[in-house]
Amino acid sequence: MNKLYEQLIPYLERNHAYQTALALLSWDTETLAPPAAADYTAKSVGVLSEESYRILVCDEVCDLLKKLSSKKEQESLSVSERAVVRCLKKEYEKTACIPQKEYREFSEFCATAQSVYCRAKLSNRFEDFAPVLEKMIDYTRRFASYRAKKGENLYDLLLNDYEEGFTVEVLDDFFGRLQKALLPLLHKVTAKNDTIDKTYNSRLYRVDTQRDFCRFLAGYVGFDFNRGVLAESEHPFTTNLHNHDVRLTNHFREENLESAIFSVIHETGHALYEMGVDDALTGTPAGTGVSMGMHEAQSRFYENMIGRSEAFWEPLFPKLKEAFPSELADVSKERFIAGINKAEPGPVRTEADELTYPLHIMIRYELEKQIFSGECEVKELPELWNQKYEEYLGVAPKDYAEGILQDIHWSMGNFGYFPSYAIGSAIAAQIYSYMEGQMPIADYLKEGNLVPIREFLRDHIHKYGAVYTTNELLKQMTGEEFNPDYYIRYLTEKYTKLYQL
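For clarity, every value in this text was computed on a predicted model and none was experimentally measured. (Residues numbered from 1 in each chain as written. Predicted model: local features only at pLDDT ≥ 70, side-chain atom pairs only at ≥ 80, totals over all residues. Heavy atoms only, no water.)

**Q** Explain the overall build of the chain to me, please; I cannot follow it from the model alone.
**A** For the chain, the helix and strand inventory stands at 22 helices and three strands. For the chain, whose C-alpha radius of gyration is 23 Å, the value lies close to the compact-globule estimate of 23 Å for 501 residues. The buried share of the chain, taken over its 501 residues, is 56%. If you take every contact in the chain between residues at least 6 apart in sequence, the share linking residues at least 24 apart comes to 74%. Of the roughly 21,600 Å² of accessible surface on the chain, 49% is carried by carbon and sulfur atoms. (Helix = DSSP H or I, 4+ residues; strand = E, 2+ residues; numbered from the N terminus. Rg over C-alpha atoms; globule rule 2.2 N^0.38 Å. Buried < 20%, exposed > 50% of the residue type's maximum accessible area, 1.4 Å probe, protein only. Contact = heavy atoms within 4.5 Å. Areas by Shrake-Rupley, 256 points an atom, 1.4 Å probe, with all protein chains shown as cover.)

**Q** Sorry if this is basic, but what is going on with the pairing of strand β2 (residues 238-242) here?
**A** On a regular strand, one side chain projects to one face of the sheet and the next to the other, so that they alternate. Sheet topology places β2 next to strand β3 (residues 245-250); four bridges connect them, and they run antiparallel. Its bridge partner being in β3, H242 is matched across the sheet by D245. Hairpin connection of β2 to β3: two residues between the antiparallel strands. (Pairing = 2+ DSSP bridges.)

**Q** For this particular structure, what's the right way to read the packing of helix α18 (residues 419-436) against helix α21 (residues 470-478)?
**A** The axes of two packed helices give the description: the angle between them and the distance between them. The contact between α18 and α21 brings their axes to 11 Å, and the two run at 15°. It follows from the interaxial angle that α18 and α21 lie roughly parallel. Seen from above, α18 lies across α21 with left-handed handedness. Between α18, through I427, Q430, I431, Y434 and M435, and α21, the contact on the second element is made entirely by T470, L474, M477 and T478. (Axes fitted to C-alpha atoms, helices over the stretch in contact; angles between N-to-C directions. Parallel < 35°, antiparallel > 145°, perpendicular 65-115°, else oblique. Left-handed = near helix turned anticlockwise from the far one by under 90°.)

**Q** I keep staring at the packing of helix α9 (residues 168-191) against helix α22 (residues 485-498) and nothing clicks. Help me out?
**A** At a minimum axis distance of 11 Å, the contact between α9 and α22 shows a crossing angle of 5°. Our classification of the angle between α9 and α22 gives roughly parallel. Judged by residue contacts, R177, L178, A181, L182, L185 and V189 of α9 engage D485, Y487, I488, L491, T492, Y495 and T496 from α22.

**Q** Would you mind showing me how to read the pairing of β3 here?
**A** For β3, the buried fraction is high: six of the six residues fall into the buried class. Residues D245, R247 and T249 of β3 are buried on one face, and the alternating residues V246, L248 and N250, pointing to the opposite face, are buried as well. Where strand β1 (residues 228-232) meets β3, five bridges bridge the pair, whose relative direction is parallel. Its bridge partner being in β3, V229 is matched across the sheet by R247.

**Q** Explanation requested: the sheet that holds β3 in the structure shown.
**A** Strands in a sheet are paired, the pairing made by backbone hydrogen bonds, and the direction either parallel or antiparallel. Strand order in the open sheet made by the three strands is β1-β3-β2, with mixed pairing throughout. Edge positions in the open sheet fall to β1 and β2, since each of these has one partner strand only. Averaged over all neighbouring strand pairs, the angle between strand axes comes to 20°, with direction disregarded.

**Q** Help me understand the side chain of N193 in this model?
**A** Position of N193 relative to the elements: it lies in the loop between α9 and α10 (207-221). One polar contact links the side chain of N193 to the main-chain carbonyl oxygen of A343, over a distance of 3.3 Å. When sequence neighbours within four positions are dropped, the list of residues in contact with N193 reads K342, A343, E344, P345 and Y499. (Polar contact = N/O pair within 3.5 Å; in protein donor to acceptor, adjacent residues only side chain to side chain.)

**Q** Even after reading the chapter, I still don't get the nonpolar core, so can you show me in this structure?
**A** Inside soluble globular proteins, nonpolar side chains tend to come together where they are buried. Among the nonpolar cores identified, the biggest contains 137 residues, and F301, F312 and W313 are the most heavily contacted of them. F312 has contacts with L217, Y220, V221, I265, I306, G307, L445 and L450, leaving out every residue within four places of it along the chain. Within the second largest apolar cluster, 23 residues are counted, among which are L56, L68, A286 and V467. (Core = buried A, V, L, I, M, F, W, Y, C linked by side-chain atoms within 4.5 Å.)

**Q** Got a minute to help me understand the packing of aromatic side chains in this structure?
**A** Where two aromatic rings form a pair, the distance of their centres and the angle of their planes describe that pair. Considering all chains together, one arrives at 38 aromatic pairs under this definition. A ring pair is formed by Y53 and Y103, whose centres lie 5.0 Å apart and whose planes are at 45°; its orientation type is tilted. Taken as a pair, Y53 in helix α2 (residues 38-56) and Y103 in helix α6 (residues 100-123) lie far apart in primary sequence, 50 residues in all. Here Y103 falls in the buried class, since its relative accessible area comes to 18%. (Phe/Tyr/Trp six-rings, centres within 6.5 Å; stacked < 30°, edge-to-face > 60°.)

**Q** Would you mind showing me how to read helix α15 (residues 333-340) here?
**A** Residues three or four positions apart in an α-helix share a direction because the helix packs 3.6 residues into each turn. Burial runs high along α15: seven of the eight residues are buried. All of the buried residues along α15 are K333, R335, F336, I337, A338, G339 and I340. Residues of α15 that are buried sit in contact with α11 (257-275), α13 (310-313), α14 (317-323) and α22.

**Q** What is the right way to read the pattern of salt bridges from this model?
**A** Pairs can form between side chains of opposite charge once their charged atoms are near each other. One pass over the full model with this rule turns up 37 salt bridges. Its salt-bridge partner being R104, residue E50 comes within 2.8 Å of it at the nearest N-O pair. With a gap of 54 residues between them, E50 in helix α2 and R104 in helix α6 connect regions that are remote in the sequence. Its relative accessible area of 12% is what places E50 among the buried residues. Ionic pairing is found between R125 and D128, a salt bridge with its closest N-O pair at 2.7 Å. By sharing partners, the salt bridges in this structure join E50, E51, R54, R104 and E108 into a single network. (Salt bridge = Lys/Arg side-chain N within 4 Å of Asp/Glu carboxyl O.)

**Q** Got a minute to help me understand the environment of K192 in this structure?
**A** Take K192: it is sitting in the loop between α9 and α10. Considering only alpha carbons, one finds K192 and L501, 309 residues apart in sequence, at a separation of 8.9 Å. Setting aside chain neighbours within four positions, we find K192 in contact with Y499, Q500 and L501. At 2.7 Å, the side chain of K192 forms a polar contact with the backbone oxygen of Y499.

Following this line, the structure appears as structure tokens:
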């Protein structure tokens, strides 16, 4: 092992220990912690964040990174070691420009902002969250300005944190192509919406039974309960401490059978990515998914390409009917498959079908661009939100909770994150198209055998963590970089066939 790299390891290990503690506090806050704990927990978050900052932002780490970035030292490092240095250097440069005091203050603020958001959503009071959102935007803008080069678009910096190289210019083209292709398709589909009846989905389904079926489903898809935990939270999510401790959550609604089923498949896709990272990488800056776009590609691949296919449900639908014999007594497999794929504009992103989903993301992307270009103020966001929903989806949220307050992301400071959902959906379609030429996916699914699919993704994507970029992984796997044509073709062919257009 390179001697300079060896000197870096103690800093990596100490920083990872603090990040693990912070992840555990965040997990606990979202799942089990009492509401009154937030302000006090925030102080602990501030202390731990400051200590992590001191470990990372110090002269010793700065000096080691400079030396390890030289051509001579890079040549002596392994591929994975170079990736660790690259990832750590990126994190160092992002963090070091922020004064230590501000870093701690922001960490504490984030820990309390989420609880304010949750209360505002429950009480349907945007005015309670607005001051917090304003402060979060101010922090985000200021921190981005610390590292921006002269004339650099601040929103480009934020986007780059989640998907490297996907700038406003790239995304404007991407979303423009989606809009041009999908809006006319959606209008044709909407005109034939009454041809698919999914009223069965809003019957009452016992939560305890849903919980048991979803736990079975996570294991069926591949979640390893020896290395993972399944809990509940208001907003389903996945987190990990390392590849042997991956945690996902789900949320249950008695009057919506699909919600929990596809949430758990989605989150299991995220979990499989983290569980599949090579042991040699886990616990390092390169020991996690390479980007949010690639991460969402894994979850959307399992949720949509696999989870909404007829082949997937061939062995599973009898088990679902067994779990809910009276509720699904009059529902055939064919009706169920059509129902879970029905496209119907609605106001809530997390409940959206495949066809309308990217339009939800487009709305958030356009609003974030306006926020960071100074074109709108926080107080204008609810009205702008509703206007865009009317324009793109022809629906209007009934209140703040269903509209501007439906997502938790902005309360966490995750600006620039939302486009990753659409990027990930497009990558998933690209991967699926390639894999169909490599293996009989439908046959495996009919057999109830997801192992070949899971192992293929692990060998080509998961095990590498952040060693390669998204485009490098795609090029190595499929022979080409990101190409949204596959996504457009996938949606067009799927919904043309489903609705017999």
